[in-house]
Amino acid sequence: MQPQGIRLSSKQVMDYLSSMRIDVVGFADLEDLRAIIPDSYLDERLLHGMSSLVVLGKRILTGISWSRHLRNKQLINGASMLLLDTASNKLASYLESFDEVAIPVSALAFDFEYATPSNVAPAGQGSPLLRYGAVAAGLGTFGLNMMVLTPEHGPRLHFAGVLTTCRFPRAKPLDRELCPGIEACGRCAAVCPADAIPRKARISQSLSDYRSIDEEACVKVSQPFGYRVFQEMAAEIASSSTSEKLWEGIYNRTASEMYNEITAVKEGVVSGCSACMDVCPVGANYPQIKNSPHRQRDLPEPVQRVYSDVDVEVKHNGAYERPRITWASWLQRRLSKRE
Amino acid sequence: MGKLASAATFKERIVAFAKDVGVDSIGFASVDDYSSVVPNGQRPSHITEGMNSILVFTKHNLTGSMSLQDVNTQSYNSHLALDAVIDITHHIADWLESEGFIAVPLHPEFIDEDLKRSGAGLLDFKHVAEFAGLGHIGLNLNFLTPDYGSRVYIGVLLTNAVVHYDRRIPDLCPGMKCGRCAVVCPTKAIPLKADSDASVNSYRDLHQDKCSEGAMRLSIRTLFRVIRLLIDSEKPMPIQEVFANKYWRDFWIALNSKRGANAACFECMYVCPVGKTDARTLFSVPYRKWDIPGGRVEHTVADGIHSVKHVGPPQDRVHEYSRHLAFVNMNPCKRDENEPQRG
């Protein structure tokens, strides 16, 4: 028998989504979500009148985590996000066929009004609403870099969602941290090309006290030709004082990569770097991934830590396959002149 | 059941699944065997190490799309076909991984400027498809399949699964004996003459820069060219007139919906006579009969050289390939020698 006020069961929703290649489904009651999400990420314009957030997760193919070519990984992850958006749209229609009200929440839900594109960092896993929703739905816990780690896939998945008036049985959050933290792991922090993940904590400090992400640093590599680069490039062009400087600002590899990004990469605009995802030992598919010759080169030696009387710090390695086209050389020159 | 029999059965399962999700044809090649014949950096190892097999498939462009008079709608449909290729590639990879293997889909639209300054695909999908026995690379380096001629797109993924590999099939393109694609090309990018005794495999070619004038006429390269024209203008250009040009509309749509961004010319595809499933239907469409006047190519064989006479696209389509050149015409001191014409 359905609990009172619930017209559609979780199983019906999961059965509906199973044919759409969605790997993970969770149901977050909005009261539970409001209890854990920081106010800065809480947008009542979206949540007003809704009861639940259905969180959809699509795993990153093991082959993509295994492989080397960053831009191919970026594009294929984009295809995955498009699949999520299609599924969430269909689910919203399905829910409304049961006289509920539903709104899809895109895997690429950028908020330019109250936030910046950096709020889908790290690595474009999903907006804060979706990630906190996943945690509230009991799908996983936050890792060192504020990605959601799941038992089945680690952090190697993307999220989309559907806000709805439909109510579902309240989920229980996971009762244990999945992320081992800096002292027992710290691999994501060691490899991050942007050094955007905390590498230092007090000895024995609780993970929940120090996990975070430097979003602006992350997007330098995870959105290699995203809005920030577009903005910088447009400003550079607009401030050109001669026609040759104007031409130099336009006719360069960054412009052609930007064009490729807009026309072909599209949804993959946020998934330009997945170094942290690739090295995370959490998840049932990690034993397969770690056999990749490329993953073995990420951290050929165990993560090194330096201890003081009170702190522990992970040594930064950077990624072995560093994103090659993060900054155009002209942009680097101009940034270095400003500093 | 021996390993060989098991492999044959699994291959049949992959083929059945792939056909179920929408592929027209599917083939398999060994990563090692293919890598040994690749002359440049477009090898599987550029994407990843540790895989054993290349799975390659084709998806045809709708006959309805190819029948249309409207090039712009065809451009849009071609991108829908490519979107389908991407989704199918991902779907097959997903399935392979559910069977316990590892699969790496390759994106068909990514242009790698590390491989080549003007951009190159991650693998040369046409050569992979020919190697895996799906068809033949023709006179203009388009890939021809027995069923749909050159009116196909190709999808590829790498996997650690091992199956029986496929072999090349006999050549499909008659080369200069046909020459239909060469005579209609708006930008004369396809060879118009060859040694009359030579195999098409020795002279098949495409002048990529010229082809991109038509096929990528709304791409970043055209934008660079237009901007350079505007910068170099000998006198101030009338701004309102410049931005009223339909080129900017086409460019905006290309950014918005990919229409025409990488595929905006299909002249060679309209006229390819190969394709036992679609060619007869396509050529029965009245509008398609106008592509080559009288339906015949003018051949000349003299002094051991076989040549065909270029005619270009029909007059009602010439403007499609020269819209961006209107900026040149605003400045009569500059003319473009590559302007497509029917002559």
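Please read these numbers as outputs of a predicted model, since none were measured by experiment.

Caption draft 1: Up close: the overall build of chain A. Summing up its helical and strand segments, chain A has 17 helices and nine strands in all. For chain A, the C-alpha radius of gyration of 21 Å lies close to 20 Å, the compact-globule estimate for 339 residues. For the C-alpha atoms alone, the extent of chain A along its principal axes is close to 70 × 55 × 35 Å. In chain A, buried positions account for 59% of the 339 residues. Put simply, 77% of the contacts in chain A that link residues at least 6 apart link residues at least 24 apart. Total accessible area on chain A is roughly 14,200 Å²; 51% of this is exposed by carbon and sulfur atoms. Charged side chains in chain A number 38 positive and 38 negative. The centres of these two groups are separated by 6 Å.

Caption draft 2: Summary view of the sheet that holds strand β7 (residues 200-202) of chain A. Residue and element names in this part refer to chain A. The three strands lie next to each other as β7-β9-β8, forming an open sheet whose pairing is antiparallel. Each end of this open sheet is capped by a strand with a single partner; those strands are β7 and β8 (305-307). Sheet twist, expressed as the mean angle between neighbouring strand axes with direction ignored, is 20°. In this structure, β8 lies alongside strand β9 (residues 311-314), joined through three bridges in antiparallel fashion. Of the residues in β9, the one forming a bridge with tyrosine 307 is valine 312.

Caption draft 3: Geometry of the interface of chain B and chain A. The interface of chain B with chain A comprises 42 residues on the first partner and 41 residues on the second. Summing the contributions of chain B and of chain A, the shared interface buries around 3,800 Å²; its carbon and sulfur component is 59%. For the chain B face of the interface with chain A, the top three residues by lost area are His90, Phe110 and Phe224 of chain B, together amounting to 16%. Viewed at the interface, chain A and chain B are joined by eight salt bridges. With a closest N to O distance of 2.7 Å, glutamate 244 of chain A and arginine 228 of chain B form a salt bridge. Summed over the shared surface of chain B and chain A, the result is 21 residue pairs in polar contact (both at pLDDT 80 or more). The set of elements that each furnish at least two residues to the side of chain B that touches chain A consists of α4 (71-98), β3 (103-106), α9 (220-232) and α11 (246-257) of chain B. For the side of chain B that touches chain A, the element with the highest residue contribution is α4 of chain B, accounting for seven residues.

Caption draft 4: Molecular detail of helix α1 (residues 10-18) of chain A. Residues and elements named next belong to chain A. All of the buried residues along α1 are Ser10, Val13 and Leu17. With its buried residues spanning 65° around the axis, α1 presents them on a single face. Exposed side of α1, more than 90 degrees from the buried face: Lys11 and Ser18 are the residues found there. Buried residues belonging to α1 abut β1 (24-29), β2 (52-59) and α5 (70-96).

Caption draft 5: Representation of the packing of aromatic side chains. With the rule as written, the count across this model stands at 15 aromatic pairs over all chains. Plain terms: the ring middles of tyrosine 16 of chain A and tyrosine 94 of chain A are 4.1 Å apart, the flat faces sit at 5° to each other, and that makes the pair stacked. Separated by 78 residues along the polypeptide, tyrosine 16 of chain A in helix α1 and tyrosine 94 of chain A in helix α5 bring together distant segments of the chain. When the centroid spacing of 5.0 Å and the interplanar angle of 40° are considered together, the rings of phenylalanine 10 of chain B and phenylalanine 101 of chain B count as tilted. Residue phenylalanine 10 of chain B is found in helix α1 (residues 3-20), and its partner phenylalanine 101 of chain B is found in the loop between α4 and β3; the two are separated by 91 residues along the sequence. Judged by relative accessible area, phenylalanine 10 of chain B falls into the buried class, the value being 10%. Assessed through its relative accessible area of 24%, phenylalanine 101 of chain B is described here as partly exposed.

Caption draft 6: Inspection of the sheet that holds β1 of chain A at higher detail. Residue and element names in this part refer to chain A. One open sheet accounts for four strands, arranged β1-β2-β6-β3; its pairing is antiparallel. Looking at which strands have only one partner, the edges of the open sheet turn out to be β1 and β3 (102-105). Neighbour-to-neighbour, the strand axes of the sheet open up by a mean angle of 20°, direction not taken into account. Bridge analysis of β3 against strand β6 (residues 157-164) gives four bridges, and the strand direction is antiparallel. Of the residues in β6, the one forming a bridge with alanine 102 is threonine 164. Of the strands in this sheet, β2, β3 and β6 touch α5, which is tilted by about 20° from β6.

Caption draft 7: Region of the structure containing unusual backbone geometry. Residue and element names in this part refer to chain A. In this structure, proline 122 follows alanine 121 across a cis peptide bond, with omega equal to 0°. Examined against the element boundaries, proline 122 turns out to sit in the loop between β3 and α6 (128-136). We note that arginine 21 has phi near 65°; this positive angle belongs to a residue other than glycine. Within the secondary structure, arginine 21 is located in the loop between α1 and β1.

Caption draft 8: Summary view of the packing of α5 of chain A against α4 of chain B. Taken N-terminus to C-terminus, the directions of α5 of chain A and α4 of chain B make an angle of 95°; their axes are 10 Å apart at the nearest point. Comparing the axis directions of α5 of chain A and α4 of chain B gives the class roughly perpendicular. Mapping the contact onto sequence places Ile76, Ala79, Ser80 and Leu83 of chain A in α5 of chain A and Ile86, Asp87 and His90 of chain B in α4 of chain B.

Caption draft 9: Region of interest: the confidence of the model for chain B. Residue and element names in this part refer to chain B. Mean pLDDT over chain B: 87, with 91% of residues reaching 70 or higher. Counting interchain partners and residues more than four positions distant, the pLDDT-below-50 stretch residues 1-5 has three contacts. Across the assembled chains, the prediction reports ipTM 0.90 with pTM 0.91.

Caption draft 10: Geometry of the environment of leucine 158 of chain B. Residues and elements named next belong to chain B. Locating leucine 158 in the fold gives a position in strand β6 (residues 152-159). Sequence separation of leucine 158 and isoleucine 47 is 111 residues, and the distance between their C-alpha atoms is 9.1 Å. If we ignore the near neighbours within four places in the chain, the residues touching leucine 158 are Val31, Pro44, Ile47, Thr48, Met51, Ser53, Ile54, Ile102, Ala103, Val104, Leu106 and Leu123.

Caption draft 11: Structural detail: the side chain of serine 30 of chain B. Residue and element names in this part refer to chain B. Note on placement: serine 30 falls in strand β1 (residues 25-30). The exposure class of serine 30 is buried, given its relative accessible area of 9%. There is a polar contact of 3.0 Å between the side chain of serine 30 and the backbone nitrogen of aspartate 33. In this view, serine 30 contacts Asn52, Ile54 and Tyr165; residues no more than four positions away in its chain are not counted.

About the criteria used
Residues numbered from 1 in each chain as written. Chains lettered and ligands numbered in written order. Predicted model: local features only at pLDDT ≥ 70, side-chain atom pairs only at ≥ 80, totals over all residues. Heavy atoms only, no water. Helix = DSSP H or I, 4+ residues; strand = E, 2+ residues; numbered from the N terminus. Rg over C-alpha atoms; globule rule 2.2 N^0.38 Å. Buried < 20%, exposed > 50% of the residue type's maximum accessible area, 1.4 Å probe, protein only. Contact = heavy atoms within 4.5 Å. Areas by Shrake-Rupley, 256 points an atom, 1.4 Å probe, with all protein chains shown as cover. Lys, Arg positive; Asp, Glu negative; His and termini not counted. Charge placed at Lys NZ, Arg CZ, Asp CG, Glu CD. Pairing = 2+ DSSP bridges. Axes fitted to C-alpha atoms, helices over the stretch in contact; angles between N-to-C directions. Buried area = accessible area lost by both parts, 1.4 Å probe. Salt bridge = Lys/Arg side-chain N within 4 Å of Asp/Glu carboxyl O. Polar contact = N/O pair within 3.5 Å; in protein donor to acceptor, adjacent residues only side chain to side chain. Arc of directions from axis to C-beta. Phe/Tyr/Trp six-rings, centres within 6.5 Å; stacked < 30°, edge-to-face > 60°. Parallel < 35°, antiparallel > 145°, perpendicular 65-115°, else oblique. pLDDT = per-residue confidence, 0-100.

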